[in-house]
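This is what each chain is made of:
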Amino acid sequence: MTPTTPATPRFAIFRGRDSTDFEESGLMSTVMPTPTEIEGSVAAVEAGMMAGTTVRLLFSMPGLSLTHAWFKSGFPLPRHSHNVDCLYFILAGSLRLGTETLGAGDGFFVGADVPYAYVPGEEGVEVLEFRGSNSFDIRLLANNPAYWAKAVESVVAKRDDWPEETPPSGLSIG
């Protein structure tokens, strides 16, 4: 007898209220960070970094996933890469990517293993992340103590404002 795998749906409806916390989804694995990245990320988390982001898995099936990410103003998103392609669509708010400022209705594509980081704008940013996979990794590429010191400084400067911030789209996901 041949083992069966779940059939890929030909049609599916999903609802934001039924989304799951991305961390609990198990879709993303972490490539072992360097000691500097571990120390820095622990310091940023202990300073309150996680209060500056909400990431929800909206939909997943073999070969496809859709995530909604909201990064609040001043959230320090470290330089990183993923081992699969990703297409980002800015739903609301804005971000700075290199020298470009992108806003609602804009987007960008990041190929597999291409390093990137962006900075949320004054309202924060909400992005939809489309991936042609339902399993991928994250590799931190922030092996610089000065980066992490600045990230912790950013968290400390913004963490008291974050509880008052609301998603710029007005959507309540999850």
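Scroll up a little and you will see the structure.
A quick note: this is a predicted structure, and the numbers were derived from the prediction, not measured. Sequence order sets the numbering: in each chain, residues are counted from 1 along the sequence as written. Where local features are concerned, this predicted model is filtered to residues with pLDDT of at least 70; where side-chain atom pairs are given and counted, the filter is 80 or more; whole-chain, interface and lining totals use all residues. Think of the side-chain values as coming from all heavy atoms in the structure, minus any hydrogens and water.

Student: Is there a simple way to think about the overall build of the protein chain in this case?
Tutor: Helix and strand labels come from DSSP, where a helix needs a run of H or I of at least four residues and a strand needs a run of E of at least two; each type is numbered from the N terminus. Of the regular secondary structure elements, the protein chain holds three helices and 10 strands. Counting helices and strands in the order they occur from the N terminus, the protein chain gives β-α-β-α-β-β-β-β-β-β-β-β-α. Two things to know: the radius of gyration comes from C-alpha atoms, and the globule rule equals 2.2 Å times the number of residues to the power 0.38. Here the C-alpha radius of gyration of the protein chain, 17 Å, is about what a compact globule of 174 residues would show, namely 16 Å. Projecting the C-alpha coordinates of the protein chain onto the three principal axes gives extents of approximately 55 × 40 × 30 Å. When burial is assessed residue by residue, the protein chain has 38% of its 174 residues classed as buried. By definition in these notes, contact holds between two residues if any of their heavy atoms fall within 4.5 Å. A separation threshold of at least 6 residues defines the contact pool for the protein chain, and within that pool the share at least 24 residues apart is 77%. Per-residue accessibility takes into account occlusion by the displayed protein chains alone, with areas from the Shrake-Rupley method and a 1.4 Å probe. Counting only carbon and sulfur atoms, one obtains 55% of the accessible surface of the protein chain, whose full area is about 9,900 Å². With 12 positive and 21 negative side-chain charges, the protein chain shows a separation of 5 Å between the mean positions of the two kinds. Under the scheme applied here, a residue whose accessible area is under 20% of the maximum for its type counts as buried, over 50% as exposed, and between as partly exposed, the area being computed with a 1.4 Å probe on protein chains only. Charge assignment in this entry is limited to Lys and Arg as positive and Asp and Glu as negative, and neither His nor the chain termini are counted. Positions of charges follow a simple convention, taking NZ of Lys, CZ of Arg, CG of Asp or CD of Glu.

Student: Hey, could you run me through the environment of Ala-12 in this one?
Tutor: Inspection of the secondary structure puts Ala-12 in the segment before β1 (20-21). On the basis of relative accessibility, which here comes to 39%, the residue Ala-12 falls in the partly exposed class. Each C-alpha atom of the pair Ala-12 and Trp-148 lies 41 Å from the other, and the pair is 136 residues apart in sequence.

Student: Before we go on, may I ask you to explain the sheet that holds strand β10 (residues 136-140) in this structure?
Tutor: Picture the strands of a sheet paired through backbone hydrogen bonds; they go either parallel or antiparallel. One open sheet accounts for three strands, arranged β2-β10-β5; its pairing is mixed. Strands at the two margins of the open sheet, each flanked by one partner only, are β2 (28-30) and β5 (80-81). Here three bridges tie β2 to β10, and the two strands are oriented parallel to one another. Looking across to β10, one finds that Ser-29 is bridged to Asp-137. When DSSP finds at least two bridges between two strands, those strands are taken to pair.

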